[in-house]
Amino acid sequence: MGGAEGTPADRGTAGGAATTGARADPGAAAPGAETPAEAAGRGTRARAGPAGTDPEGSVGATGPDAGTGGRAGPAGAGGVEPSSAEGLLDVLGVAAVVLDAEGRIVLWSPQAERLLGYTAEEALGQYAAHVLVAEENHDSVLRLFEQVMSSGAWAGDFPVRHKDGTTRLLEFRNMRLLDDRGDYYALGLATDRATLRRVERDLALSVRLVDQSPIGLAVLDTDLRYVGVNAALERIDGLSAERHKGRRVAELLPFVDAEAAEEAMRSVLVSGVPVLDRQMVGRIPADPGTDRAWSVSLYRLEDVGGRVLGLAVSVIDVTDRYRAAREAERARDRLALVADASVRIGTTLDLEQTARELADIAVPELADVAAVDLLDTVLEGRPSRIRGDGPAVIRALAVAAAYPTVAVQAADPPGEPAHYSADRLVTQCVRTARPVMVAEVDDDALSRIARDDHAADLLAEAGLHSYLAVPLIARGEVLGALDLKRARNPLPFTEDDALLASELAARAAVCIDNARLFRQQRETALTLQRSLLPETPRHLVGLDVASRYQPAGAGSEVGGDWFDIIPMDGGRTALVVGDVMGSGINSATTMGRLRTATQTLSRLALGPAEVLRHLDEITAGLQPSLATCVYAVYDPHRAQCRVCTAGHPPPVLIRADGGPRLLDLPTGAPLGVGGVPFHDVTAELAPGDRLVLYTDGLVETRDQDIDTRLGRLLELLRTPDPSLEDTCDRLLRELRHGGNHDDVALLVARVRP
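Only a predicted model underlies this, so the values are computations on that prediction, with no experimental measurement involved.

Novice: Would you mind going over the overall build of the protein chain in detail, with residue names and values included?
Specialist: Within the protein chain, the regular secondary structure consists of 23 helices and 27 strands. The 753 residues of the protein chain split such that 45% are buried. About 36,600 Å² of surface is accessible on the protein chain, with carbon and sulfur atoms providing 52% of the total.

Take a look at the structure:
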């Protein structure tokens, strides 16, 4: 790369691959300048940075065993961090060549040998222009040489001849050197231009990728402190890059679970196993009132030699996706709650039970405290209209709470009427037939929620902060309201909550209205039936009688059970117990007709079988058209009792000197079947003997067979009671329970001594 041998021009270097130096004025050297030997003896002072970083603060391993090849710094300055054998300079293969003032190669690096093919023995002492520059490029190299020698530096591309005869285009950085004797030299640093351009392109691409990426990117050192972040992460965290540097996650984002995040980071640093798409939820200092979600990925950074540099973090703001997922989850929960309500509400026709089912399903999913209130006029069967300025009389049917709280004491006691003025929120709800919601309850709202000052104090003590009331509307009529309160649940009621509560209320209102109508119908039928049942005659010859009628549970319709005690001519007494199949007003009406017919037939002095034959014909023309009956006639003069049954359970005879037994009677077909003969049986009765007649409601249940229940009846009758009334009460108490779905008629007779 120098000029022709012996000519100064030929001793120039191409593009700084070799820069020839003229001897400088000896006086130009600084006094006391260090010789190369002294410099070599003194050694190169290596500047050490803080533990884990180089002088510029870049990430790296530390310690005396971190690697070899670095020179130790001055005593007390700490160890020197060695570079990797596959660093950037090694990738570039930067070659160093030094030419003396005559253009000869005086220094030749191993990288130069790898780049140009000449060994040091082949290159040293040779003129650079002769060895490295093609003939057609001599003029160019001379001009560049003169530029380096005059200005002290040149940079650019220049074609250089390889040992194999090919030409390589190299990128040069040339500079003029001055030694301690005042001589000039030329230093050329060169690398393959294609390789350099590729590295530059990759570097530029990486920089742009990081800077322009919409994904937040960060690099943390081995102490989990931020080294750098891109613009996207600045936007995501709401913090500048400078605020990030040198700090840990917990210092920057106190509203996230930093402990869990750093535990995952340490695990990745140790194991090298990346963590991908881990969702984190928290808040940022710039917006501490809003939950945000991020998808975080972590992977360990290593240099080409495998040394751990730190941790790379990528962060994607997935708040919208998180909120959409939460909303979808809430929607699924709402649908599940509505579906659950369809199953759990209205399981019976008991009004209070239906109201309790609605209150129970509203907590804790929708509220901390729920109450079901009905207008008193609705319960009484009157129109539910409320004047615009008038009060409302409301009766609570059920109250439920998710946990023990004094807010329950502030609610109206179930079953007790409460008067609410026109300005109360529940009155407003039932008057307008629209939901009333107070997202944030203040003192004024609290006074309009509670029934009085004491209740307001209790609600304040409970921590009530949000309120919602939705109307119960069925068949176009406002029945009452579903009253919801939140105290421990920190979220205020929203429009979505109001829609869900309205859906629950709409479904439950129909069930409540059905139960209300059923109760009214049942009470009507029960009143009718009781009016048709007889009173025990005051004077019966030779016989004491006690009777009971007990309707089915509140959730069941009134049946057609009846009994009768009919005095007859000659001191005889007819004892009758019957059961019309079906329930409701129709059954009660049929029962009344059969009872009237039985009384009429009894006065004709007909035998029991004949009476049942006539009743069978009468029943066939009624609706319902089937009934069972047991008809017994006691004759005190003969001490006999003639008994006949029509598909009815057999009576029990208890001898005064023995135990109880079922009378062995022909079962007979139920009344209304027609064409089946009836036969009666005569039983001798002694003083003190007892006869028990009953309907199937006393002994039939859904979980035990009839024989077991009849055995239980006989077992109970083995124990005598002080009176017949006590016997009736004990049998009903022992054999009946609140959930019975059938009514019962019971008649106990005893022969007087």
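Novice: Describe in detail the sheet that holds strand E7 (residues 216–220), supporting the description with residues and values.
Specialist: Strands sit in the order E8-E7-E11-E10-E9 across an open sheet of five strands; the sheet is antiparallel. Across the chains shown, the open sheet's two edge strands, defined by having one partner strand only, are strand E8 (226–229) and strand E9 (275–284). Strand-to-strand twist in this sheet, taken as the mean axis angle between neighbours without regard to direction, amounts to 30°. Both E7 and E8 contribute to a ladder of three bridges, which runs antiparallel. When the bridges of E8 are listed, Ala218 appears paired with Val229. Along the sheet, helix H11 (residues 258–271) contacts E7, E9, strand E10 (287–302) and strand E11 (308–317); its crossing angle with E10, the most-contacted strand, is approximately 10°. Set on the sheet, helix H12 (residues 319–344) makes contact with E9, E10 and E11; between it and E10 the angle comes to about 120°.

Novice: If you had to explain the packing of H12 against helix H13 (residues 351–362) to someone new, which residues and values would you point to?
Specialist: In a pair of packed helices, the angle between the axes and the distance between the axes together describe the arrangement. The contact between H12 and H13 brings their axes to 10 Å, and the two run at 155°. Relative to H13, H12 is oriented roughly antiparallel. Between H12 and H13 lies a crossing whose hand is right-handed. Here Leu337, Asp340, Ala341 and Arg344 of H12 come into contact with H13, specifically with Glu357, Asp360 and Ile361. Among the residues making up the contact of H12 with H13, the classes are represented as three nonpolar, no polar and four charged.

Novice: Mind laying out the sheet that holds strand E21 (residues 627–635), listing which residues take part and the relevant values?
Specialist: Two strands in a sheet stick together by hydrogen bonds in their backbones, pointing the same way (parallel) or opposite ways (antiparallel). Judged by pairing direction, the sheet is antiparallel, and its five strands sit side by side in the order E19-E20-E21-E22-E25 without closing on themselves. With one partner strand each, in any of the chains shown, strand E19 (559–567) and strand E25 (681–684) form the two edges of the open sheet. The sheet shows a mean angle of 15° between the axes of neighbouring strands, direction not considered. Bridge analysis of E21 against strand E22 (residues 640–646) gives seven bridges, and the strand direction is antiparallel. Its bridge partner being in E22, Val633 is matched across the sheet by Arg642.

Novice: Outline the pattern of salt bridges, listing residues and values.
Specialist: In this structure the tally under the stated criterion is 44 salt bridges. For the salt bridge of Lys163 with Glu122, the shortest nitrogen-to-oxygen distance reads 2.9 Å. Of this pair, Lys163 sits in the loop between strand E4 (153–161) and strand E5 (167–178) while Glu122 is found in helix H4 (residues 120–123), placing the two residues 41 residues apart along the sequence. Residue Lys163 is classed as partly exposed on the basis of its relative accessible area of 42%. Close ionic contact of Arg548 with Glu725 constitutes a salt bridge, the shortest N to O distance being 2.6 Å. Separated by 177 residues along the polypeptide, Arg548 in strand E18 (residues 543–550) and Glu725 in helix H23 (residues 724–735) bring together distant segments of the chain. By relative accessible area, Glu725 is classed as partly exposed at 36%. Linked by salt bridges that have partners in common, Asp157, Glu171, Arg173, Arg193, Arg197 and Glu200 make up one network.

Novice: Please give an account of the side chain of Thr354 that cites residues and values.
Specialist: Here Thr354 lies in helix H13. A relative accessible area of 0% means that Thr354 is categorised as buried. Residues within four places of Thr354 in sequence aside, it is in contact with Ile345, Gly346, Thr348, Cys511, Ile512 and Ala515.

Novice: Please give an account of the nonpolar core that cites residues and values.
Specialist: Core analysis: the largest hydrophobic core is formed by 66 residues, its most contacted members being Leu358, Val372, Leu472 and Leu484. It is helix H19 (residues 495–532) that contributes the most residues to this core, nine residues altogether. For Val372, the contacting residues outside a window of four places in its chain are Ala355, Leu358, Ala359, Arg395, Ala396, Leu397, Ala398, Leu472, Ala481, Leu482 and Ile512. With 27 residues, the next largest nonpolar core counts Ile236, Ala241, Val268 and Met280 among its residues.

Novice: Residues and numbers for unusual backbone geometry, please.
Specialist: A cis amide bond links Val363 with the next residue in sequence, Pro364, at an omega value of 0°. Within the secondary structure, Pro364 is located in the loop between H13 and strand E12 (369–375). In this structure, Leu224 takes a positive phi of about 65° despite not being glycine. On the secondary structure map, Leu224 appears in the loop between E7 and E8. Given a relative accessible area of 3%, Leu224 falls into the buried group.

Novice: Lay out the packing of aromatic side chains with the relevant residues and their values.
Specialist: The final tally for this structure, using the stated rule, is zero aromatic pairs. Looking at Arg488, its charged tip hangs above the ring of Tyr403, at a distance of 3.7 Å from the centre.

Novice: Before we move on, could you go through the state of the cysteines and cite the residues and values that matter?
Specialist: Scanning all chains against the criterion turns up zero disulfides. A disulfide-free cysteine, Cys629 has its sulfur positioned 8.8 Å from the sulfur of Cys644, the nearest such atom. Judged by its relative accessible area of 0%, Cys629 is buried.

Novice: Can you explain H13? Please cite residues and give values.
Specialist: Compared with the 16 Å implied by 1.5 Å per residue over 12 residues, the 17 Å span of H13 between its first and last C-alpha is a close match. Every buried residue of H13 is listed here: Leu351, Thr354, Ala355, Glu357, Leu358, Ala359, Ile361 and Ala362. Its side-chain oxygen placed 3.2 Å from the backbone nitrogen of Glu352, Asp350 serves as the N-cap of H13.

Novice: Kindly report on helix H18 (residues 453–462), identifying the contributing residues and their values.
Specialist: Every buried residue belonging to H18 is among Ala455, Ala456, Leu458, Leu459 and Ala462, and all of these are buried. Buried residues of H18, seen end-on, are gathered within an arc of 160° and therefore sit on one face of the element. Away from the buried face of H18 by more than 90 degrees, exposed residues Asp453, His454, Asp457 and Glu461 are located. For H18, the elements touching its buried residues are helix H15 (407–410), helix H17 (443–449) and strand E17 (477–486).

Criteria and cut-off values
Residues numbered from 1 in each chain as written. Predicted model: local features only at pLDDT ≥ 70, side-chain atom pairs only at ≥ 80, totals over all residues. Heavy atoms only, no water. Helix = DSSP H or I, 4+ residues; strand = E, 2+ residues; numbered from the N terminus. Buried < 20%, exposed > 50% of the residue type's maximum accessible area, 1.4 Å probe, protein only. Areas by Shrake-Rupley, 256 points an atom, 1.4 Å probe, with all protein chains shown as cover. Pairing = 2+ DSSP bridges. Axes fitted to C-alpha atoms, helices over the stretch in contact; angles between N-to-C directions. Contact = heavy atoms within 4.5 Å. Parallel < 35°, antiparallel > 145°, perpendicular 65-115°, else oblique. Left-handed = near helix turned anticlockwise from the far one by under 90°. Nonpolar A, V, L, I, M, F, W, Y, C, P; charged D, E, K, R; others polar. Salt bridge = Lys/Arg side-chain N within 4 Å of Asp/Glu carboxyl O. Core = buried A, V, L, I, M, F, W, Y, C linked by side-chain atoms within 4.5 Å. Phe/Tyr/Trp six-rings, centres within 6.5 Å; stacked < 30°, edge-to-face > 60°. Lys NZ or Arg CZ within 6 Å of the ring centre and 35° of its normal. Disulfide = S-S within 2.5 Å. Expected span 1.5 Å × (residues − 1). Polar contact = N/O pair within 3.5 Å; in protein donor to acceptor, adjacent residues only side chain to side chain. Arc of directions from axis to C-beta.

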